[in-house]
Amino acid sequence: MITKAKQEVEASKAKMAQLYFKYGTMNSGKSIEILKVAHNYEEQGKPVVIMTSAIDNRDEIGVVSSRIGMREKAVPIDDEFDVFGYVAQLAAKPYCILIDEAQFLSKKNIYELARVVDELDVPVMAFGLKNDFQNELFEGSKYLLLLADKIEEIKTICWFCSKKATMVLRTENGKPVYEGSQIQIGGNEAYLPVCRKHWLKPDLEKMKK
């Protein structure tokens, strides 16, 4: 089955390559979408490159994995990694670049991804969170919002109600946390997708369950 993300890349290849930013809260299926797109291309013999932030070590560094068990090796990116140089030296030009955890990338990384699109004519599709647990933009997300040709929200619902989740609530021992370092790697045990109302006033009784 051809996914919407794949259709977008196909359309981009037919014209000019573009930089996409697809953002969503926790549990919105960002990693699953990357793995689905990669699988579709690989089945057709079309090379893609999967990359992810070297900061994310929930599974292991250099792996994109979903909560349903799908996983794939990826190129880890840190602040010193030359994204443009890596793609430029590949023997076969990739059909697209897929980025997971793009919020953790640096300004330098994002500008290099833009160069991959503009100078190498390779579409780049970056997936990640937009805002952190304090409702501030991550560095990578900020520059993707500034530079991306197309921006799309991947929707999911609030942990506490049926409204759309737009924020991330950090928790510790069943209580909300609003202060601390921006980056703290974790999954459902540490973060919940929530709407604005429940970010400000979470249901403490439900959090204890």
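As annotated in an unreviewed UniProt entry, the chain carries the name Thymidine kinase and is attributed to Pseudolactococcus insecticola. As recorded by UniProt, the Subunit (unreviewed entry) comment attached to the chain reads in full: "Homotetramer."

Feature annotation in UniProt places "binding site: ATP" (unreviewed entry) on G24, T25, M26, N27, S28, G29, K30, S31, D100, E101, A102 and Q103, given in this structure's numbering. On the accessibility criterion, S28 (11% relative accessible area) is buried. In this structure, S31 sits in helix α2 (residues 30-43). Overall, the relative accessible area of 15% leaves S31 in the buried class.

Looking now at the UniProt feature "binding site: Zn(2+)" (unreviewed entry) in the chain. Listed under "binding site: Zn(2+)" (unreviewed entry) in the UniProt record, and renumbered for this structure, are C158, C161, C195 and H198. The largest pairwise C-alpha distance within this set of annotated residues, which runs over 41 residues, is 8.4 Å, so the set is compact in three dimensions. Turning to its location among the elements, C158 is positioned in the loop between β8 (150-153) and β9 (167-172). On the basis of relative accessible area, C158 is assigned to the buried category, the value being 4%. Sequence-distant contacts of C158, that is, excluding residues within four places in its chain, are made with K163, K164, A165, P193, V194, C195 and H198. Here C195 lies in the loop between β11 (191-194) and α6 (196-200).

Two strands in a sheet stick together by hydrogen bonds in their backbones, pointing the same way (parallel) or opposite ways (antiparallel). The strand order across the open sheet formed by three strands is β10-β9-β11, and the pairing between neighbours is antiparallel. Sheet topology places β10 (175-177) and β11 at the edges, where each strand pairs with a single neighbour. Pairs of neighbouring strands in the sheet enclose a mean axial angle of 45°, with direction left out of account. Where β9 and β11 come together, four bridges link them in antiparallel fashion. By the bridge assignment for β11, V168 is matched with P193.

Position of R170 among the secondary structure elements: in strand β9. In this structure, R170 is buried with no salt-bridge partner, the nearest side chain bearing the opposite charge being E172 at 7.0 Å. Among the polar contacts made by the side chain of R170, one reaches the side chain of Y191 at a distance of 3.0 Å.

Oppositely charged side chains can pair when the atoms bearing their charge come close. With the rule as written, the count across this model stands at five salt bridges. Note that K36 and E33 form a salt bridge whose closest N and O atoms lie 3.7 Å from each other. Highlighted residues: K36 and E33, both in helix α2, separated by three residues, approximately one helical turn. Take E33: its relative accessible area is 16%, and that puts it in the buried class. Here E112 and K108 are joined by a salt bridge, their closest N and O atoms 3.1 Å apart. Here K108 and E112 lie together in helix α4 (residues 107-120), a separation of four residues that amounts to about one turn.

Let us now look at the packing of aromatic side chains. This structure, assessed with the given rule, holds six aromatic pairs. Ring geometry for Y41 and Y95: centres 5.2 Å apart, planes at 50°, overall tilted. Of the two residues, Y41 sits in helix α2 while Y95 sits in the loop between α3 (83-88) and β6 (96-100), which places them 54 residues apart along the sequence. When its relative accessible area of 0% is taken as the criterion, Y41 is described as buried. Y95 sits in the buried class, given a relative accessible area of 19%. Residues Y111 and Y143 carry aromatic rings whose centres are separated by 6.2 Å and whose planes lie at 55° to one another, so their mutual orientation is tilted. Of this pair, Y111 sits in helix α4 while Y143 sits in helix α5 (residues 139-147), and the two are 32 residues apart along the sequence. Accessibility expressed as a relative area gives 40% for Y111, which makes it partly exposed. Among the residues examined, Y143 registers a relative accessible area of 14% and is labelled buried. Directly above the ring of Y95 sits K46, whose terminal nitrogen or CZ lies 4.9 Å from the centroid. The ring of F133 carries the charged tip of R170 above its face, separated from the ring centre by 3.6 Å.

Procedures and definitions
- Residues numbered from 1 in each chain as written.
- Predicted model: local features only at pLDDT ≥ 70, side-chain atom pairs only at ≥ 80, totals over all residues.
- Heavy atoms only, no water.
- UniProt positions renumbered as here; feature names shortened; annotations may be inferred.
- Buried < 20%, exposed > 50% of the residue type's maximum accessible area, 1.4 Å probe, protein only.
- Helix = DSSP H or I, 4+ residues; strand = E, 2+ residues; numbered from the N terminus.
- Contact = heavy atoms within 4.5 Å.
- Pairing = 2+ DSSP bridges.
- Axes fitted to C-alpha atoms, helices over the stretch in contact; angles between N-to-C directions.
- Lys, Arg positive; Asp, Glu negative; His and termini not counted.
- Salt bridge = Lys/Arg side-chain N within 4 Å of Asp/Glu carboxyl O.
- Polar contact = N/O pair within 3.5 Å; in protein donor to acceptor, adjacent residues only side chain to side chain.
- Phe/Tyr/Trp six-rings, centres within 6.5 Å; stacked < 30°, edge-to-face > 60°.
- Lys NZ or Arg CZ within 6 Å of the ring centre and 35° of its normal.

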